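# A closer look at the structure
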Amino acid sequence: MALKIVKGSIDRMFDKNLQDLVRGIRNHKDDEAKYISTCIDEIKQELKQDNIAVKANAVCKLTYLQMLGYDVSWAAFNIVEVMSSSKFTYKRIGYLAASQCFHESTDVIMLTTNQIRKDLSSPNQYDTGVALTGLSCFVTPDLARDLANDIMTLMSHTKPYIRKKAVLIMYKVFLKYPESLRPAFPRLKEKLEDPDPGVQSAAVNVICELARRNPKNYLSLAPLFFKLMTSSTNNWVLIKIIKLFGALTPLEPRLGKKLIEPLTNLIHSTSAMSLLYECVNTVIAVLISLSSGMPNHSASIQLCVQKLRILIEDSDQNLKYLGLLAMSKILKTHPKSVQSHKDLILQCLDDKDESIRLRALDLLYGMVSKKNLMEIVKKLMLHVDKAEGTTYRDELLTKIIDICSQSNYQYITNFEWYISILVELTRLEGTRHGHLIASQMLDVAIRVKAIRAFAVAQMATLLDNAHLLTGNTQRNGICEVLYAAAWICGEFSEHLENPVQTLEAMLRPKVATLPGHIQAVYVQNTAKLFATILKSQEGNSDSTTSEETTQLLIDRLPVFVQSANLEVQERASCILQLVKYIQKLQQKDVEVAEEVSALFAGELNPVAPKAQKKVPVPEGLDLDAWINEPPSESESEDEQPKAIFTKEEPKHARPRHTEVDEKELAKRREARKQEQANNPFYIKASPSSQKVYQDASGVEHIPVVQIDLSVPLKVPGLPMSDQYVKLEEERRQKERAEKKKKEKKKRKEKRSGRGKKHDSGPESEEDITPAHMVDIVTEEMPENALPSDEDDKDPNDPHKALDIDLDKPLADSEKLPVRAHRAAEALKSPVEDAEADNAGPQESRKKSGKEKKKDKDRDRKKSKEEKKKRKHKHEGKEEDLLGGDANEPVAQSEEPSEAAEPPASATAEVSDLDFWLSNAPVSSRTQEATTVAAAAAAAPTTPTAPSITAPVSEPDEPQDAEMEETKSSKHKKKKQKKEKEEKKKKKKHHHHHHRHSDGGVEESVQNGTVEEDEPLPPMSNYCLLAENAYIKMMGEDADQVCDIQGNLQDGSQVVVSVIFENKCSSFLKSMEFNVLDSLNSKLQRPEGSGPHDGLTVPFQLPPGVSNEARFVFTVQSIVMPQKLKGTLTFIVKNEDSSTHEKLDFKLHFTCTSYLITTPCYSDAFAKLLESGDLKSSSIRLEGINMPFHHLLARICFHHHFSVVERIDSCASMYSRSIQGHHVCLLVKTSGQTVSIDAKCDEPTLLGNVLDEIKQTFSLC
Amino acid sequence: MIKAILIFNNHGKPRLSKFYEHYNEDTEQQIIRETFHLVSKRDENVCNFLEGGMLIGGSDYKLIYRHYATLYFVFCVDSSESELGILDLIQVFVETLDKCFENVCELDLIFHVDKVHNILAEMVMGGMVLETNMNEIITQVDAQNKMEKAEAGIAGAPARAVSAVKNMNLPEMPRNINIGDISIKVPNLPSFK
């Protein structure tokens, strides 16, 4: 055996390893392919061996070959073999190979499921890590479904290394298996506050990716992210969060308002350019979302633009690029502020960097005005000449056209200039945008009537010089222009100076080499030209011209009759026959011109591109209804199920039927309409009478005749359009001069100066009158056109499936597939728990329980629903109050359970968000709530201290203060007051809500609850300690931080949140928090410190400031309440002296604080009660004078219970301790007496909880 | 999201390719060629961003690259990534390589592409940035290498010896040295932003 191993390893030594392979390839530069094919043969041999090391070596080489472009999918099975090696070395090679070449259609992937699962649960973190990394590259929907639960478990792994990988891979799992999103989301959310920055960053990363695609579902996380943003120092996380906010603000403008200030602060304070840039970007997004009705943000815009200018002026090209990129976003909403930086942007157009030029081009779009359009386009035309790469040149071309045609040619004052620009653009070689130029030409010629004469002349020249455009077959893109030219010349042939010449140009044999659709236009338009010529010659006694023309057509058209293109052929033969007939008539001296031109009478109006789609469906017309009932499926199948033919026939027939009937017809109709819209030959049924062209008054200004129409396309020296720039300048100057004269202004001497300062001069936009009084015909739209533009999302977008409402409660069916005996969820309803505990026997019991319940259920359904509603309300409130202490872990631990609860708490979430957003000050609501609480508690105890007043000036304030003075400073009372105050704030918030909500019943319930004057005891126990210089608050709460893998029996932790508030005018520092550990409860101290060392509070307190710190305690037994003694030491620092102070306090851990609100379904509850494992106990409360649902609300709220069921004056409630004890209550009320029967598997705990409940109610 | 990470040299020879979306081998090679073509014709002092080519990308995607001595490091990312952030990430990546290989040069990447992959896997996972802290990355990489060594144990020793001998293989030596242009060291990296 040993010999074999040694032999194997010796064999291996002489195998070719990766380095040898690389070296070999480098040594065979001439016959690389041959060498590699021999290597692949070797590899195949190696893969056949049993030795895993040899196999791994072979797979490693294959990975390299894959990078060189060789297909290695044939080795997929061997890769799986190597993946399943027990040695990390080989496993890693295997997973790397898999991640490089596996994909969804690799069939061996399904063999890997179990191997991956095994690796995921490996005790070695690197095995798990490698498996996660690999899986992230090749996860398939099947793998995602099968492994989702395992990965979710890993999200709570003890090692941050695994946690961060597990969190990150969840995004891939969501994409492949969208059903997993909702069950996994609560935990993902938890990870946002993971103590490890890497895990936190991963969670932020995943949520940002999710939210980017479906932002509205993540709006409710805004407060959490806001908190992270204000607290995090990790730039990566900050950037992601800020980017996320950029995606969220368009949905919620109030969020934007909240963000502006912290973002502005960041912009001022950060030194990291990347962060600064993202802040600016998000501020821009905010400003865009606020663009309406927020007048006082000009400062922010200025700040952004100013910062961006700094970026653009930076010598770092990267910053320049990004600056321009962000600038283009501002441009959309605040063009004015960008326009002032025109100089800078024009300068960037000359940058040597193409990326930067492209960005600057984008910006130009918003820079143009009537004033500077010509100048800018002239500059761009120069760039077109200089540009060497076709991509950049094409980009320039489209930009020129975009800029000129934007908002219905708003900025064009001289269309002759524009036409010449278009003609110049046709000189571009090899452009792909011929059709774009063509459509512009058509558009302008059709819609700007005054320009037609000029356009026709230009087009005639183009046609004459068509050989220049078509000479090179490579630049066939540009010959599209001829399509437009031919059509314009034909349609508006009455403007042609020399129609015969143009006709001749259109019938050149070379035309037959053009694409079919262009030929067709040529043929059709020769007919139009022919008609025009006939008409013009009619009065003429000499008929030679018309006869010659007829002959020309008869001679030349046969070429087209033979065309392979059907369209061309058909048109040519029709026209040929027509012309032949006309020739006959001409020979008989019959006047035909009238009839021929009648063929082309009427004008074509432009139709908007989407006109057809916008025709509203007439009322009563159902386009989906069958016109003829289709043969029913059941008929044919039921009657003769076995007859092959009858069975098949309808199947074939129907689809065809539908196609023809609906889709196809609609498509055809659409196509026809489109065709008609685009087709110049389409004559409308009722031709509108030819409109008389208004002779443009401005035309005199421009002596059109001066332009030599026979100018060849390539003019040496000045390009044509330049003439217009000059002419335009002259014209404007002249106009101004005239205007001046008219107005008889005295300052004539300035006029000469004006010419120079032409574009920066005081001339306003309105002053520039267009050269032509252009009548821009708007495109026709059907009457009652629907304004909506359908912007269909890509149906194949995988993110569409992730558009899932995350606030909706989790249904049972949505739970992730769990493998048996695996406790996956930390918080679960006892059903699952019980199942996990005693899998088999419980099953039957559960069933019987269910059956018994059934009848009851039916009866109670109604009341249940009602109650649910109410309960829901309570929860909503609870949410709010909890939210007030969002810093405390309970609020967080609550989230997952809440998501799992049956009654929807979406509204609570939303109202939460609303509340958060409606807070005027920027401070998060958390801070606010705590400060209020602090102030309330502070007031009575330290009358001598220079006490701060409560920060929020509320009308309730004086009242509260009064009450505080009258009441004793006993802890509990204070607590209540605090809560009261908090509640009052909530109340306001609720009222605010009522205005919006419309559910009357709900409203009253809510109102009732809230307006009830009784204080709700605190969710968190605040202990108060005071000294003359100092006040401290402490909220204590149980949080379940125990191992979520279900190890509830040990490792329970309690997190205590303490709010420190400085009440004196001195600076407090070096605070140390220490607690005397008991046997049962221990303060968790950092490793290495002794059991009596204090914990340093991680902040200092300037006067009047409060802050919160959290301390984790380990608790072994939770059945008894506990008190811990502790001290806080700190240094009070004055200007001249500093003193050491000490403060003693007691921490009170109630049993209630060990309970966690856990949802429970009634059948599970019944099962639990029947199980007989629970000990019972009961108490009676006398003199309770409050509505029953308030009572329940209180128990829910103070003692972390949830209502399972309620019937009239009887309710069952459930809660669970952090160590998994079930606590069940049956609360009954009659009159002022409330009896509570309780069951729990731990009698001591139960007793204590009941005592605490009693105490709660005795206090009210 | 990061769509792809490519490393190639001044001649367009791929040194590492990592695609976080599936393409077949031919398309991958085409993408590498196209990207090389786009990136290589750019001057040294232009910006590091580039609107992607035809094959990879689309309007939402950008190429973000850095050029170190003989190597181009190109990341193809979508708009959810911060441009400057990715530039920093490339820097972190190269610095990490520099630490792990002790003065990294192109030859290291040529002969140890698997190691480069392993390092990259600690930084980027499935197209998402996993870790940006260099020390953390190096710690994890080192720990895994240690494990690998421990596994090889005594059995690995002869193999290592043989590979050392192979590396010293005299007849091959001159040829290795001949290919001079590749062994240029990555220069001292510009300061981290």
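Residues numbered from 1 in each chain as written. Chains lettered and ligands numbered in written order. Predicted model: local features only at pLDDT ≥ 70, side-chain atom pairs only at ≥ 80, totals over all residues. Heavy atoms only, no water.

The cut-off we apply is this: UniProt positions are given in the numbering used here, feature names are shortened, and annotations may be inferred rather than shown by experiment.
Taking an unreviewed UniProt entry as the reference, chain B is identified by name as AP complex mu/sigma subunit domain-containing protein belonging to Oryzias javanicus. In its Sequence similarities (unreviewed entry) section, the UniProt record describing chain B reads: "Belongs to the adaptor complexes small subunit family."

Going by the annotation in an unreviewed UniProt entry, the name recorded for chain A is AP-3 complex subunit delta-1, with Oryzias latipes given as the source organism. For chain A, the Sequence similarities (unreviewed entry) comment in UniProt is given as "Belongs to the adaptor complexes large subunit family."

### Looking at the overall build of chain B
The cut-off we apply is this: Counting from the N terminus, the helices are the DSSP runs of H or I reaching at least four residues and the strands are the DSSP runs of E reaching at least two. Whether a residue is buried, partly exposed or exposed follows from its accessible area with a 1.4 Å probe, protein chains only, as a fraction of its type maximum: under 20%, in between, or over 50%, in that order. What makes two residues a contact is simply this: any of their non-hydrogen atoms within 4.5 Å. Accessible surface is estimated by sampling points in the Shrake-Rupley manner with a 1.4 Å probe; for residues, cover comes only from the protein chains shown.
Helix and strand counts for chain B come out as 6 helices and 7 strands. Reading chain B from its N terminus to its C terminus gives the helix and strand order β-β-α-β-β-β-α-α-α-β-β-α-α. The burial tally for chain B puts 55% of its 193 residues in the buried class. Put simply, 55% of the contacts in chain B that link residues at least 6 apart link residues at least 24 apart. Of the roughly 8,300 Å² that chain B leaves accessible, carbon and sulfur atoms contribute 54%.

### Some points on the interface of chain B and chain A
Operational definition: The salt bridge definition used is simple: a Lys or Arg side-chain nitrogen within 4 Å of an Asp or Glu carboxyl oxygen. Polar contacts here mean pairs of N or O atoms no more than 3.5 Å apart (in protein, one a potential hydrogen donor and the other a potential acceptor; neighbouring residues in sequence count only if both atoms are side-chain atoms).
Contacts between the two partners involve 73 residues from chain B, matched on the other side by 70 residues from chain A. Here chain B and chain A share 8 salt bridges between them. Here chain B is connected to chain A by 35 residue pairs in polar contact (both at pLDDT 80 or more). Considering each element in turn, the side of chain B that touches chain A owes the most residues, 15 residues, to helix α5 (residues 134-168) of chain B.

### Comments concerning the sheet that holds strand β4 (residues 1067-1075) of chain A
Residues and elements named next belong to chain A. Applicable threshold: Two strands are said to pair when DSSP picks up at least two bridges between them.
The strand order across the open sheet built from 4 strands is β6-β4-β8-β9, with neighbouring strands paired in antiparallel fashion. The open sheet terminates on both sides in strands that have one partner only, identified here as β6 (1095-1096) and β9 (1138-1149). Alignment of β4 against β6, held across 2 bridges, turns out to be antiparallel. Opposite Phe-1073, over in β6, you have Leu-1095 as the bridge partner.

### Topic: the sheet that holds strand β5 (residues 71-77) of chain B
This is how it is decided: Only the stretch in contact is used when fitting a helix axis, every axis being a line fitted to C-alpha atoms; angles between N-to-C directions are given from 0 to 180 degrees.
Ordered in space as β2-β1-β5-β4-β3 (chain B), the 5 strands form an open sheet in which the pairing is antiparallel. Either end of the sheet is taken by a strand with one partner, and the two such strands are β2 (14-19) and β3 (49-51) of chain B. Pairwise comparison of adjacent strand axes, ignoring direction, gives a mean angle of 20 degrees for this sheet. Bridge analysis of strand β4 (residues 62-68) of chain B against β5 of chain B gives 7 bridges, and the strand direction is antiparallel. The partner of Tyr-68 of chain B across the bridge, within β5 of chain B, is Leu-71 of chain B. Helix α18 (residues 317-333) of chain A contacts β3 and β4 of chain B of the sheet and is inclined by roughly 50 degrees relative to β3 of chain B.

### What about the packing of helix α29 (residues 499-506) of chain A against helix α30 (residues 516-537) of chain A?
Residues and elements named next belong to chain A. To be explicit about the condition: Any angle between 65 and 115 degrees counts as roughly perpendicular, while under 35 counts as roughly parallel, over 145 as roughly antiparallel, and the rest as oblique. By definition, turning the near helix anticlockwise from the far helix through less than a right angle yields a left-handed crossing, and turning it clockwise yields a right-handed one. By the convention adopted, Pro, Cys, Tyr, Trp, Phe, Met, Ile, Leu, Val and Ala count as nonpolar, Lys, Arg, Asp and Glu as charged, and the other residues, Gly among them, as polar.
Running from N to C, α29 and α30 point in directions that differ by 160 degrees, and their axes come no closer than 10 Å. In terms of their interaxial angle, α29 and α30 are classed as roughly antiparallel. Crossing handedness for the pair α29 and α30: left-handed. Across the interface between the two elements, Pro-499, Val-500, Thr-502, Leu-503 and Met-506 from α29 touch Tyr-522, Asn-525, Thr-526, Leu-529 and Ile-533 from α30. Along the lines of polarity and charge, the residues of the contact of α29 with α30 split into 7 nonpolar, 3 polar and no charged.

### With respect to the packing of aromatic side chains
Operational definition: Only rings of Phe, Tyr and Trp enter the pairing, Trp through its six-membered ring, and a pair is recorded when the two centres are within 6.5 Å. The plane angle decides the type: under 30 degrees is stacked, over 60 is edge-to-face, the rest tilted.
Enumeration over the complete set of coordinates arrives at 15 aromatic pairs over all chains. With a centroid separation of 5.1 Å and 40 degrees between ring planes, the pair formed by Tyr-321 of chain A and Phe-49 of chain B is classed as tilted. On the criterion of chain membership, the pair formed by Tyr-321 of chain A in helix α18 and Phe-49 of chain B in strand β3 is interchain, its members lying in two chains. As far as burial versus exposure is concerned, Tyr-321 of chain A and Phe-49 of chain B are alike and both buried. Here the aromatic rings of Phe-73 of chain B and Phe-93 of chain B are separated by 5.8 Å at their centres, their planes lie at 90 degrees, and the arrangement is edge-to-face. Placement of Phe-73 of chain B in strand β5 and of Phe-93 of chain B in helix α2 (residues 83-101) is noted, with a sequence separation of 20 residues between them. Assigned by exposure class, Phe-73 of chain B and Phe-93 of chain B land together as buried.

### Looking at the pattern of salt bridges
If you walk through the whole model with that rule in mind, you get 40 salt bridges over all chains. Measuring nitrogen to oxygen at the nearest pair gives 2.9 Å for the salt bridge that ties Arg-212 of chain A to Asp-78 of chain B. Here the residue Arg-212 of chain A occupies a position in helix α12 (residues 197-213), and Asp-78 of chain B occupies one in the loop between β5 and α2, the pair thus bridging two chains. Across the salt bridge formed by Arg-42 of chain B and Asp-353 of chain A, the nearest N and O atoms sit 3.0 Å from each other. Residue Arg-42 of chain B is found in the loop between α1 (25-40) and β3, and its partner Asp-353 of chain A is found in the loop between α20 (342-349) and α21 (354-367); the two belong to separate chains. When its relative accessible area of 1% is taken as the criterion, Asp-353 of chain A is described as buried.

### Side note on unusual backbone geometry
Residues and elements named next belong to chain B. Despite not being glycine, Glu-102 has its phi angle at roughly 55 degrees, a positive value. Following the sequence through the fold, Glu-102 ends up in the loop between α2 and α3 (106-111). Of note, Asn-103 is a non-glycine position whose phi angle comes to about 60 degrees, a positive value. Structurally, Asn-103 is set in the loop between α2 and α3.

### What to know about helix α13 (residues 222-231) of chain A
Given 3.6 residues per turn, any residue in an α-helix points the same way as the ones three and four places further on. With respect to burial, α13 of chain A is a largely interior element, 7 of its 10 residues being buried. Regarding α13 of chain A, the residues found buried are Ala-222, Leu-224, Phe-225, Phe-226, Lys-227, Leu-228 and Met-229 of chain A.

### Some points on the pairing of β2 of chain B
Sheet faces and side chains relate simply in a regular strand, where the side chains alternate between the two faces. Residues and elements named next belong to chain B. Within β2, 6 of the 6 residues are buried, which leaves it mostly tucked inside the rest of the structure. Note: strand β1 (residues 2-9) against β2, 5 bridges, orientation antiparallel. Each residue of the ladder has a partner; that of Ala-4, found in β2, is Phe-19. Here β1 folds back onto β2 in antiparallel fashion, the turn holding 4 residues, of which Gly-12 has a positive phi close to 85 degrees.

### A word on the environment of Leu-71 of chain B
All names here are of chain B. Here Leu-71 lies in strand β5. Among the residues examined, Leu-71 registers a relative accessible area of 2% and is labelled buried. Taking the C-alpha atoms as reference, Leu-71 lies 9.5 Å from Pro-14; in sequence the two are 57 residues apart. Excluding its chain neighbours within four sequence positions, the residues that come into contact with Leu-71 are Ile-7, Phe-8, Asn-9, Asn-10, Arg-15, Arg-66, Glu-106 and Leu-109.

### Some remarks on the packing of helix α16 (residues 273-290) of chain A against α18 of chain A
Residue and element names in this part refer to chain A. Close contact between α16 and α18 brings their axes to 9 Å; oriented N to C, the two are set at 10 degrees. Classified by the angle between their axes, α16 and α18 sit roughly parallel to one another. Taken together, the residues of α18 that come into contact with α16 (itself represented by Met-273, Tyr-277, Asn-281, Ile-284 and Ile-288) are Leu-319, Leu-322, Leu-325, Ala-326, Lys-329, Ile-330 and Thr-333. Of the residues in the contact of α16 with α18, the class split is 9 nonpolar, 2 polar and 1 charged.

### Quick notes on helix α32 (residues 566-587) of chain A
Residue and element names in this part refer to chain A. Using the following cut-off: For a helix, the expected span equals 1.5 Å multiplied by the number of residues minus one.
Relative to the 32 Å expected for 22 residues at 1.5 Å per residue, α32 spans 31 Å between its end C-alpha atoms, a close match to the ideal helical length. Packed against the buried residues of α32 are α30, α31 (544-561) and α33 (593-598). The N-cap of α32, judged by a side-chain oxygen 2.9 Å from the amide nitrogen of Glu-567 a few residues on, is Asn-565. Phi for Asp-589, located one or two positions after α32, is positive at around 60 degrees.

### Concerning a negative patch on the surface
Residues and elements named next belong to chain A. Selection criterion: Patches here: salt-bridge-free residues with over 30% relative accessible area, like charges joined within 9 Å, nonpolar side chains (Val, Leu, Ile, Met, Phe, Trp, Tyr) joined within 5 Å. As used throughout, the charge tally considers Lys and Arg to be positive and Asp and Glu to be negative, leaving His and the chain termini uncounted. Charged groups are reduced to one reference atom each: NZ for lysine, CZ for arginine, CG for aspartic acid, CD for glutamic acid.
Where like charges cluster on the molecular surface, the negative patch consists of Asp-542, Glu-547, Glu-548, Asp-589 and Glu-591. Considering the arrangement of structural elements, one finds Glu-548 in helix α31. The class of Glu-548 is exposed, set by a relative accessible area of 55%.

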